[in-house]
Structures are given as C-alpha cells and as structure tokens.
Amino acid sequence: MLNAHGHAVRYIETTCVVDLDGRAANLQKSLARGLSWIERQPARTGKLAIVGSGPSVRDRLDKLKVWDGEIWAVNGAYDYLLSQGIVPDGFWGIDPLPGLAEYVKNARPETTFYIAGSCDPSVFDVLEGYKVALWFPACDDLVYPEGALQVPGGVTVLTRAPFAAYDLGWRDITLFGADSSFDDKLEWRYCYDDGTYKEDSRGELNFVQVEQGGPVFVSEATLINQVTNLGIIKGVFGDVLKFDCDGLIAAHLSAPMNEIDKDGNVIGPCTEWFYENRR
C-alpha cells in the first residue's frame, strides 16, 4: 500500500496470544486466590524508574545503581537488574502465557509483583509467599469485579505501567529500556543475552525509519506498535513522563510524525512507517 506521499506502508495489527476464554479462566483462578488489588492513591513525592528490556539499559546501569527513588522492572529486565546488583521495588507482568513465570523464577522478597489478573496460574504458583498485587488491564472483552481499577494503555505492559504508576500516585516517572528496537548488528536484542527466555519475542524482523533519510532501526511488529503507543502516551502525560532510552523510541520522540486533518490541524502521531520486511 502507498500513502499520500507515495511511500510504501504496512499497517500493523497485534492480537493477544491467549484467546478470551483462556484469559477469562485465568482471571477467575487469580481472583480465587484472595490477593489484594491495586487501588488509586493520592499524589506522592519521589521518582519512579520503569525499566524495560531494551539494549540501552546496559548503558544506564550507573544511573540506576544510584537512582534516588523506586525502580520497577518489566519482564526480563527484572533478572538482568538483579544480576547487576539492583533489586527492583516492583515487577510488572501482563503476558497470559505460562512463560511469564520464567521471568520471576528468581523472585526477591523486597519486590512487589504486580501481576495482571488474566495471567496464567503458573505465575502465581511461582510467586507463592511473595508480595503479589493484582492489576486489571482495561479491555473490552473481560469482565472484572465491580469497583476494580482498570489500567488503560497500549499493546505491551510497558505502555500500561505509566498509567498504573500515575494511579498509584507517581508524578515523576522515567522510562528506561523502552528502545523498541534492537542494535543494528543484532548483537543485542535485549539488555540481557538473546535467548535467555523462551517467551521473548521471535517476530519477523523489519528495517524501520521514522522519517526518510533518517537512521534505520531493526524492530518487530509489536515493538513498532509500542512506539506509536508511547508517542501518544508521552503527549498525554507531558512532563510527568520522561524517557531515558535509545533506539526507535528516541528517534520517534525527537522527530515525531503527525497526522494533519484537512484544515491543517495536528490530530495525533502518525502510525505509518517506512520500512522493508527482513526476509
């Protein structure tokens, strides 16, 4: 498909890896455990770092080791930070596959594990005896208990965590490792060694440019969607949300593309990307 400027584009759609019936069954099992749910909290002082698994985390370790505030980790970033002597205050997970349990096999008692209600029971089994709090991703298909706080956001847990953080009172939030791309030589897909976790994405690789003539990034469909989500989320949060990342997200935020309506008004970040499939 060509856009209005004659550039080849594809529109990326992602779907949940577990169907509605599977997620609904998981939800009922997690609710039956009697765990506490997250609840909206008043604004608090202090800083929060939310750490994803992008390669740039390796270059931010000195900052994170002296971080004056709380640190949350997402998926494999948890184990990686532990290996570097950093014990996260929180872990966030949303993946409904049993493989999410692999990310918390080295759970520490200092960490609160924020696990989506639709996650697989095996995750809660691994975390038996640790501090676990349920959270509920806002969606159109699952029915949550009355009064449950539903967390909005995009296609990944990294796009949900800022909203959850705000609900929990944080007003100074920095995202690390939200690169949404790999290094150009594919030596580092993540901050940790590639292949560490069997549930890590193995999607089709794509060469991506934010704008013609700019640098080319290697990414995947879900990560491309994550970038567009994060661009919108940054606009919603303003100065409350900061990014300390490299890669595709840094390029997008420094030179965002915007859709323009017929009257010339900016109506939001553009979701068209110039790229070629890597066959």
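Residues numbered from 1 in each chain as written. Predicted model: local features only at pLDDT ≥ 70, side-chain atom pairs only at ≥ 80, totals over all residues. Heavy atoms only, no water.

> I'm lost on helix H7 (residues 247-254) in this one. Help?
Within H7 the residues assigned to the buried category are Leu-248, Ile-249, Ala-251 and His-252. The arc that holds the buried residues of H7, viewed along the axis, is 165°, so those residues lie on one side. Here the buried face of H7 lies against strand E9 (206-209), strand E10 (216-219), helix H6 (221-237) and strand E11 (241-244). (Buried < 20%, exposed > 50% of the residue type's maximum accessible area, 1.4 Å probe, protein only. Helix = DSSP H or I, 4+ residues; strand = E, 2+ residues; numbered from the N terminus. Arc of directions from axis to C-beta. Contact = heavy atoms within 4.5 Å.)

> How should the pattern of salt bridges be read in this particular structure?
Side chains that carry opposite charge are capable of pairing whenever their charged atoms lie near each other. One pass over the full model with this rule turns up 10 salt bridges. Taking the shortest distance from any N to any O, the salt bridge between Arg-33 and Glu-128 comes out at 4.0 Å. Residue Arg-33 is located in the loop between helix H1 (20-31) and strand E1 (36-37), and its partner Glu-128 is located in the loop between helix H4 (121-126) and strand E6 (131-137); the two are separated by 95 residues in the primary sequence. Using a relative accessible area of 31% as the deciding quantity, one classes Arg-33 as partly exposed. (Salt bridge = Lys/Arg side-chain N within 4 Å of Asp/Glu carboxyl O.)

> For this particular structure, what's the right way to read the nonpolar core?
Side chains that are nonpolar tend, in soluble globular proteins, to be buried together. In terms of nonpolar packing, the biggest core is built from 75 residues, with Ile-50, Leu-81 and Trp-92 touching the most fellow members. Here Ile-50 is in contact with Trp-72, Val-74, Leu-158, Ala-161, Pro-162, Ala-165, Ile-173, Thr-174, Leu-175 and Phe-176, once residues within four sequence places are set aside. (Core = buried A, V, L, I, M, F, W, Y, C linked by side-chain atoms within 4.5 Å.)

> How do you make sense of the side chain of Thr-159 when you look at a structure like this?
In this fold, Thr-159 is placed in helix H5 (residues 157-167). Residue Thr-159 is classed as buried on the basis of its relative accessible area of 0%. A distance of 2.9 Å separates a polar side-chain atom of Thr-159 from the backbone nitrogen of Gly-154. At 2.7 Å, the side chain of Thr-159 forms a polar contact with the backbone oxygen of Thr-156. (Polar contact = N/O pair within 3.5 Å; in protein donor to acceptor, adjacent residues only side chain to side chain.)

> Got a minute to help me understand the pairing of strand E2 (residues 47-51) in this structure?
Every regular strand shows the same layout, with side chains that alternate between the two sheet faces. When you tally the buried positions in E2, you get 4 out of 5 residues, the bulk of the element. Summarising the sheet, E2 and strand E3 (residues 69-74) pair through 5 bridges and their orientation is parallel. Looking across to E3, one finds that Leu-48 is bridged to Glu-70. One ladder, built from 4 bridges, connects E2 with strand E8 (residues 173-176); its direction is parallel. Each residue of the ladder has a partner; that of Ile-50, found in E8, is Leu-175. (Pairing = 2+ DSSP bridges.)

> Explanation requested: the environment of Asp-184 in the structure shown.
Relative to the helices and strands, Asp-184 resides in the loop between E8 and E9. In the structure, Asp-184 is positioned 35 residues away from Ser-219 in sequence and 9.5 Å away in space, judged by C-alpha atoms.

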